[in-house]
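# Secondary and tertiary structure notes
So you can see what is in the structure, the chains are spelled out below.
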Amino acid sequence: LTSAGVYTGELITLCGVGDVMNLTLQGVQGSGANLHEGVSGWTVADHFGSSSNFYISGAFNFPAYMTARGYTLCDWFFIFLGINDVFNYTTDSGVDAVCVANKTKLDAMITSIKSWNASIKVCIMLPTCGSATQDAFGKSYTSYNTQMRFKRNIHRYAKYLIDQYSGKTADRIYLLASNANLDTRNNMAVETVAINSRNSATITRQANGVHPADIGYYQIADTVY
C-alpha cells in the first residue's frame, strides 16, 4: 500500500505549503518529494534481508541507513506492514506464529531506530482489512484466498499489535488506527462488468482484495495527518 505512493502523496497535499509541521518525507522509493520505503509484497521479515535498504552489516541498521543516505533528521518513523505477513495463512495457529516472530523483529527495528536518536517517535500503523466482498478476492486471487479468512488473519494480527504496543507512549512508541478510517465497502477498487455471460447489462463490483481506490488511500492519509 505504501509502494503505490498514493497516501504519502496525499499526505504532502494535506500538509500543503506553509504547514506548521513542515513535512519532509524520506526514503529511496518514490520520486520528487513523495519519498518512502514501501516495497510491494514485502513483509517485516523482508527488512531483515539483503534486499532491504535498512539491512546493513548483517542487521536492521538504522544508524547506518541514515549515514548512507546523508540524512541528519528524523522526527517520525512509520511502520506499515502486516498484510503480506499474514496473507497466505489458513489457520489461526499459523497467524499466531507470525505474530510472535514479527514482534521480535519489530522490537529489533525499534531498538535500532532509537539507538540513532531516542527522541524519534515510532508509529506502528495497524494493517487494513481487505475489501468487504468476496467478489474482490475472487477477482484478485480466484480460489487462492477468501475475504473471510483474510479478514480473520488481519484481525488477529492487529489485535496482537494492540496488545503488545499499547501503553508505550512514554517511550515514544505509538499505534495508529489506520485500519479504522478506511471504508472497505465504498472506497476500494472496483470494476464495471457484464452481470453475467447471458446478460449484457453492467454491474459495478469490488475488484481488488486488499488495495483501495485512491479515495481509500486518501483516508489512510487522513489518519496519518
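Just above sits the structure.
Everything numeric here is computed off the predicted structure, so don't read it as measured data.

Quick notes on the rules
- Residues numbered from 1 in each chain as written.
- Predicted model: local features only at pLDDT ≥ 70, side-chain atom pairs only at ≥ 80, totals over all residues.
- Heavy atoms only, no water.
- Helix = DSSP H or I, 4+ residues; strand = E, 2+ residues; numbered from the N terminus.
- Buried < 20%, exposed > 50% of the residue type's maximum accessible area, 1.4 Å probe, protein only.
- Phe/Tyr/Trp six-rings, centres within 6.5 Å; stacked < 30°, edge-to-face > 60°.
- Pairing = 2+ DSSP bridges.
- Axes fitted to C-alpha atoms, helices over the stretch in contact; angles between N-to-C directions.
- Contact = heavy atoms within 4.5 Å.

Unlike most non-glycine residues, Asn 22 shows phi in positive territory, near 50 degrees. Mapped onto the elements, Asn 22 comes out in the loop between helix 1 (6-15) and strand 1 (29-31). Classification of Asn 22 as exposed rests on a relative accessible area of 63%. Of note, the phi angle at Thr 142 is positive, near 45 degrees, even though the residue is not glycine. Along the chain, the position of Thr 142 falls in the loop between helix 5 (134-141) and helix 6 (147-165). Judged by relative accessible area, which is 59%, Thr 142 ranks as exposed.

So, on to the packing of aromatic side chains. Taken as a whole, this structure holds 16 aromatic pairs when the rule is applied. On the numbers, 5.7 Å between centres and 65 degrees between planes, the contact of Phe 54 with Phe 77 is edge-to-face. Taken together, the residues Phe 54 in the loop between strand 2 (34-36) and strand 3 (55-56) and Phe 77 in strand 5 (residues 76-79) connect sequence positions 23 residues apart. The class for Phe 54 is buried, based on a relative accessible area of 5%.

Moving on: the sheet that holds strand 7 (residues 173-176). The sheet built from three strands is open, its strands ordered 5-6-7 with parallel pairing. Each having just a single partner strand, strand 5 and strand 7 make up the two edges of the open sheet. For this sheet the average axis-to-axis angle between neighbouring strands, irrespective of direction, equals 25 degrees. The pairing of strand 5 with strand 6 (residues 121-125) spans four bridges and is classified as parallel. Of the residues in strand 6, the one forming a bridge with Phe 77 is Val 122. With respect to the sheet, helix 4 (residues 92-116) is in contact with strand 5, strand 6 and strand 7, its orientation differing from that of strand 6 by roughly 155 degrees.

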